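Structural overview for review
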Amino acid sequence: MKFVLKKLATLLITLLILSFLAYAAFEMVGDPVGMILGTNATPEAEAALREELGLNRSLPVRYFDWLFHFVKGDMGTSYIYRISVNEMIGEKLGLTVILTLFGFGLTLLMSIPLGVYSARREGSFADRALTVSNQIVMAIPAFFVAILLTVIFGVLLRLFTPGSFVSFNESPGRFFLYMLFPALSVAIPRTAMAAKMLRSSILGEMQKDYVRTAFSRGHNRRSALRAHALKNALLPIVAFLATTAAEMLAGCIVIEQIFSLPGIGRLLIASINNRDIPVVEAIVMILAVWVMVVHFFGEVISEALDPRLRS
Amino acid sequence: MKKLFAKHNNWFFKAGFILTTVMVFIVLLGQVWTPYDPNAMDASVKAQGPTLRHLLGTDFFGRDILSRILEGAGATLQIAFFVVLIGAVLGTVIGALTGYFGGVVDEVLMRICDAITAFPSVLLALIAIAVIGPGRLNVIMVLGCVFIPSFARIVRAEFVRIKRLNYISLARLQGVGDFRIMLKHILPNTLPTLLPAISIGFNNAVLAEASMSFLGVGVSASEVSLGRMLSDSQNYILRGLPWYAVFVGLTIALLILGFSLLAEGLQQRR
């Protein structure tokens, strides 16, 4: 348990440093008061707004105030819309999380069987075909997969209408059908990468001495793989999957734009363009927390699988 | 070149090398000659599919898509080139110094690099662009900086590994200076790891530029790039005219595929 606590402490310190850097960077962008009121505002109006937004305090004071509220779950007030950021982010975060988890789940479901199958049949026609197609598919960017899926299933087969998102409350069935395509777009390239890694990882393990010992004790390829090699072979994959979960969130920003999904990524882009700093800060922090937490779980799972890493 | 081919006589290397050469050649050709003026509008051929006159079709303004893709791909490759240049050169310098000398600076810098590489590079670049504003030069600077840690880590690991080998100790015994050892004795031996990293760097840079410009936080609105064209072509899909997006996406995919096959081939030595 000690290694988990140690990792947790590192995680919190990193997040703290990150939050300060992000906050300070965005505060340097420029004076939001001039942007909100335009150039014709009277000095009195500017002073009043500055007071209202709390901008007349020093940077460290504002940072700790913001951090304190953020930890308590209050992400501040939008400069542009003057409503709470929590309200703006609310459901949108849920949609992005669903998309990421959906994509991640599909990646797991597809890549592990493919990788294991390919390794088990090393050198067969199926293995060689998979290796070549994995190499090609992993180089296809998620947004191109998204475009192809839209063209094939949206425009040609008319399974869904591109650009018209159906919310869960309207119709759960059509919601999941619509979400399937963005989720597949982020999952397909990552599946190819994970399957390829798993294959080479398993083949590497199968050549080690302990597997030869297992053979000498009467294991066949299949049972030696299941009983001994697979657990070790999964180790590098766990770290890769953690990176995948982090990358997928970033990938979802692009995918949301292609499928017109009202998620957190589109809000981030809109807020960047509007210079709505509190919203950008809040989303950046949420994304940072997600990335750090995902890597934290990756490390904890790796260490649970392999006690040697705990030192 | 002959040596490179002899060392990497595998399918991935050959395919990647041919694809990359062909794509780069076409893009370079597009810098001096395009079938039509990329900005010339022609009302008689608005929003057409591929025809013999316009091989990849035309957009709503009757502009030739092939010519525009050539121009946009040129801009994207140019950005990728400078991004990789900044990332690889600075990353190599930092990785070499920290890896060779070690110490507290090494420890601290590598921790920072670990923290940075944990974040998706597109996300970091997006946030940085949000702070300093869009534009081609800003994209190059931001992505270049974002790419430094990954190169630094790779080069550092190689320097740490190689500096312990006997031939380095021997060189030191003979009185060769630190910088000469780094430059003449270690650096050339990092190439087998550095070359695939550079190829992957091109792959990531093209992808990052395309994603950022697609989202409208890359090159500025008046500039062309593959990412910007991808975002333009979105409207065409919704109106049932998908070829524009497919061709732009295909160009990006082929560029990336070439670099990634090349990287894979360079890693597999046989």
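Relevant structure appears above.
Presented here is an overview of the structure given in this document. Since we're looking at a predicted model, the values are computed, not measured.

**A look at the overall build of chain A**
- Scanning chain A from terminus to terminus reveals 12 helices and 0 strands.
- Starting at the N terminus and ending at the C terminus, chain A contains elements arranged as α-α-α-α-α-α-α-α-α-α-α-α.
- Across chain A, contacts joining residues at least 24 apart in sequence account for 72% of those joining residues at least 6 apart.
- Only carbon and sulfur atoms are counted for the fraction: they give 65% of the accessible area of chain A, which is about 15,300 Å².
- Side-chain charges in chain A split into 28 positive and 22 negative, and the spacing between the mean points of these groups amounts to 17 Å.

**Points about the nonpolar core**
- If you look at the biggest cluster of nonpolar residues, it comprises 131 residues, and the most contacted ones within it are Ile89 and Phe259 of chain A together with Ile252 of chain B.
- Excluding residues within four positions of it along the chain, Ile89 of chain A makes contact with Met75, Ile264, Leu267, Ala282, Ile283 and Ile286 of chain A.
- Among the nonpolar cores identified, the runner-up in size contains 14 residues, and Ala119, Ala224, Ala229 and Ala233 of chain A belong to it.

**Section: the packing of helix 7 (residues 142–156) of chain A against helix 10 (residues 221–258) of chain A**
Residues and elements named next belong to chain A.
- Remark: helix 7 packs on helix 10, axes separated minimally by 9 Å, with the N-to-C direction vectors making an angle of 25 degrees. Relative to helix 10, the element helix 7 lies roughly parallel. For the pair helix 7 and helix 10, the sense of crossing is right-handed. In this structure, helix 7 uses Ala142, Phe143, Ala146 and Thr150 to contact helix 10, whose residues at the interface are Val254, Ile255 and Ile258.
- Grouping the constituent residues of the contact of helix 7 with helix 10 by class yields 6 nonpolar, 1 polar and no charged.

**Description of the packing of aromatic side chains**
Residue and element names in this part refer to chain A.
- Inspection of the entire model under this criterion finds 25 aromatic pairs over all chains.
- Arranged with centres 5.3 Å apart and planes meeting at 35 degrees, the rings of Phe153 and Phe181 form a pair that is tilted. Taken together, the residues span a long stretch of sequence, with Phe153 in helix 7 and Phe181 in helix 8 (residues 172–206) at a distance of 28 residues.
- By relative accessible area, which is 26% here, Phe153 ends up partly exposed.
- For Phe181, a relative accessible area of 3% corresponds to the buried category.

Procedures and definitions
- Residues numbered from 1 in each chain as written.
- Chains lettered and ligands numbered in written order.
- Predicted model: local features only at pLDDT ≥ 70, side-chain atom pairs only at ≥ 80, totals over all residues.
- Heavy atoms only, no water.
- Helix = DSSP H or I, 4+ residues; strand = E, 2+ residues; numbered from the N terminus.
- Contact = heavy atoms within 4.5 Å.
- Areas by Shrake-Rupley, 256 points an atom, 1.4 Å probe, with all protein chains shown as cover.
- Lys, Arg positive; Asp, Glu negative; His and termini not counted.
- Charge placed at Lys NZ, Arg CZ, Asp CG, Glu CD.
- Core = buried A, V, L, I, M, F, W, Y, C linked by side-chain atoms within 4.5 Å.
- Buried < 20%, exposed > 50% of the residue type's maximum accessible area, 1.4 Å probe, protein only.
- Axes fitted to C-alpha atoms, helices over the stretch in contact; angles between N-to-C directions.
- Parallel < 35°, antiparallel > 145°, perpendicular 65-115°, else oblique.
- Left-handed = near helix turned anticlockwise from the far one by under 90°.
- Nonpolar A, V, L, I, M, F, W, Y, C, P; charged D, E, K, R; others polar.
- Phe/Tyr/Trp six-rings, centres within 6.5 Å; stacked < 30°, edge-to-face > 60°.

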